[in-house]
Protein chains: 2
Amino acid sequence: MNSPISTKERILAAAESLFAQRGFDGASLRQLTASAGVNLAAVNYHFGSKEKLVEQVFKRRLDALNQHRLAELAKVAGRADTTLEDVLAAYIRPALELSHEGNGSLFMRVLARAFAEHDDTLRQFLSDNYGHVMRQFTLEFARLLPHLAKAELYWRIDLVTGALTHAMSGFGMIQRKDNVTEQQHREQTAAHLIRFAAAGLSHP
Amino acid sequence: MNSPISTKERILAAAESLFAQRGFDGASLRQLTASAGVNLAAVNYHFGSKEKLVEQVFKRRLDALNQHRLAELAKVAGRADTTLEDVLAAYIRPALELSHEGNGSLFMRVLARAFAEHDDTLRQFLSDNYGHVMRQFTLEFARLLPHLAKAELYWRIDLVTGALTHAMSGFGMIQRKDNVTEQQHREQTAAHLIRFAAAGLSHP
DNA sequence: CGTATGCTCAAACGATCGTTTGATTCTGAC
DNA sequence: GTCAGAATCAAACGATCGTTTGAGCATACG
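Residues numbered from 1 in each chain as written. Chains lettered and ligands numbered in written order. Predicted model: local features only at pLDDT ≥ 70, side-chain atom pairs only at ≥ 80, totals over all residues.

Engineer: Just checking my understanding: could you explain the interface of chain A and chain B for this structure?
Structural biologist: Frequently, the measure chosen for interface size is the accessible area removed from exposure when the parts meet. If you look at the interface, chain A gives 31 residues, while chain B gives 31 residues. Broken down by secondary-structure element, the contributors of at least two residues to the side of chain A that touches chain B are α1 (7-26), α6 (105-116), α8 (150-168) and α9 (182-202) of chain A. Sort the elements by how many residues they give to the side of chain A that touches chain B and α8 of chain A lands first, with eleven residues. Split into classes, the residues belonging to the side of chain A that touches chain B amount to 14 nonpolar, eleven polar and six charged. (Contact = placed C-beta atoms within 7 Å. Helix = DSSP H or I, 4+ residues; strand = E, 2+ residues; numbered from the N terminus. Nonpolar A, V, L, I, M, F, W, Y, C, P; charged D, E, K, R; others polar.)

Engineer: Which parts of the structure should I look at to understand the packing of helix α1 (residues 7-26) of chain B against helix α4 (residues 50-76) of chain B?
Structural biologist: The description of two helices packed together rests on the angle between their axes and the distance between the axes. Residue and element names in this part refer to chain B. Two elements in contact, α1 and α4, have axes whose closest approach is 10 Å; the angle formed by their N-to-C orientations is 105°. Looking at the two axes, α1 sits roughly perpendicular to α4. Counting all contacts with α1, which are made through Leu12, Ala15, Glu16, Phe19 and Phe24, the residues of α4 involved are Leu53, Val54, Gln56, Val57 and Arg60. For the contact of α1 with α4, the residue count by class is seven nonpolar, one polar and two charged. (Axes fitted to C-alpha atoms, helices over the stretch in contact; angles between N-to-C directions. Parallel < 35°, antiparallel > 145°, perpendicular 65-115°, else oblique.)

Engineer: What should I look at first to understand the protein's contact with DNA strand D in this one?
Structural biologist: Around DNA strand D sit 17 residues in total, of which Thr7 and Asn39 of chain A together with Ser28, Ser49 and Lys50 of chain B are the nearest. At the level of elements, α3 (42-47) of chain A together with α2 (29-36) and α4 of chain B are the ones that each hand at least two residues to the surface near DNA strand D. When the residues that make up the surface near DNA strand D are grouped by side-chain class, the tally is eight nonpolar, six polar and three charged. (Near = placed C-beta within 6 Å.)

Okay, structure coming up:
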């Protein structure tokens with residue numbers, strides 16, 4: 001390493017931003033390295049290939065996000081006084097906070113893109129890093145919703161995931177107004193998501 | 001025209017399939033024309049450019065879908081005995097039926113991809129063809145949920161849209177089991193979606 | 001028949017892609 | 001100071017992209 005910010009990290013940051021804006025195919029290595037201020041060959045030197053770079057972009061954020069989520073879940077899992085909203089908050093809030101710190105807000109778009117692209121190798125990679133966390137949360141949801149058949153619960157969690165992905169990636173028409181801070185908007189989003197998801201999950 | 005299936009329609013069908021599989025950037029005109037059994041130059045001759053072809057792929061399905069949705073909405077809108085589930089069915093069922101006829105199932109994936117790609121010109125195009133329908137449905141939702149503030153209603157409709165997009169595009173983990181027909185699976189999906197969305201929309 | 005028009009075709013265009021090469025510079029241990 | 005290894009660089013590689021061209025074929029109308 002030679003600089004306050006290493007070449008590798010500059011590439012990762014620029015990749016996250018460009019992938020979010022133009023997609024994985026749409027963002028070329030020439031745009032990427034130019035925006036990162038590094039040489040074109042640096043990507044293949046440090047990551048091996050463009051595809052490996054994509055995986056690293058995911059891994060960097062997903063590891064932190066999942067760790068954060070599991071830590072929040074551990075605070076409430078198994079307790080007698082835990083509510084559905086508590087578990088949903090453990091799932092939702094880390095994602096919204098990630099999308100607030102640094103320029104990690106772009107990562108949620110990248111994640112949503114990855115869902116849209118049905119690329120099998122990428123989905124496999126996501127399932128490996130994501131499935132573990134989903135299973136933990138599903139177990140806790142099942143504990144709090146004992147009246148639901150397993151198949152029914154899976155259906156509802158799937159639909160909740162869709163709503164979360166949609167909202168977190170900034171797809172929707174809901175945009176932050178000028179008279180609310182980003183912090184306030186994030187709290188509003190979390191509150192709406194949690195109440196909406198709780199109603200959808202627990203309805204009779 | 002010269003054949004039972006015109007060159008134009010063969011291109012549109014192949015484009016819908018390939019765009020769903022590989023994305024707009026990922027699908028090349030050479031793959032597309034080869035899969036359609038037409039000459040490479042036929043796309044630019046009949047549509048002008050690849051971008052125009054993308055728009056036509058959308059327009060063909062969206063026109064039919066929106067017309068169908070509005071027809072179903074007209075049957076229940078404004079009536080005293082209309083339920084929230086009725087309106088949701090008018091919104092959801094046409095989409096699920098579209099995703100069942102022919103190989104239109106791929107179109108929902110294409111649509112979800114378009115949501116993920118934040119391409120502004122494409123989003124503008126979608127808003128022009130989609131916004132009109134959304135406004136009609138929003139009016140009816142507002143009538144049936146008079147206790148909700150307008151901002152609150154917008155939030156919830158946005159989240160419902162996310163769940164719908166997710167489920168209709170086949171993102172989720174829920175897959176059709178071998179012992180249920182596709183028709184049954186479609187009915188199950190619609191039923192789950194409608195109940196989930198109704199709970200999320202109308203919770204206190 | 002002649003010919004105008006709509007369509008299809010193989011071939012080529014310039015541009016851009018991801019990747020590789022080989023030389024050059026930087027860095028730290030001896 | 002020397003030298004091995006890591007890192008960066010300009011340049012080029014072959015491949016593939018969307019698009020254009022101009023000749024060839026078909027059908028319909030006078």
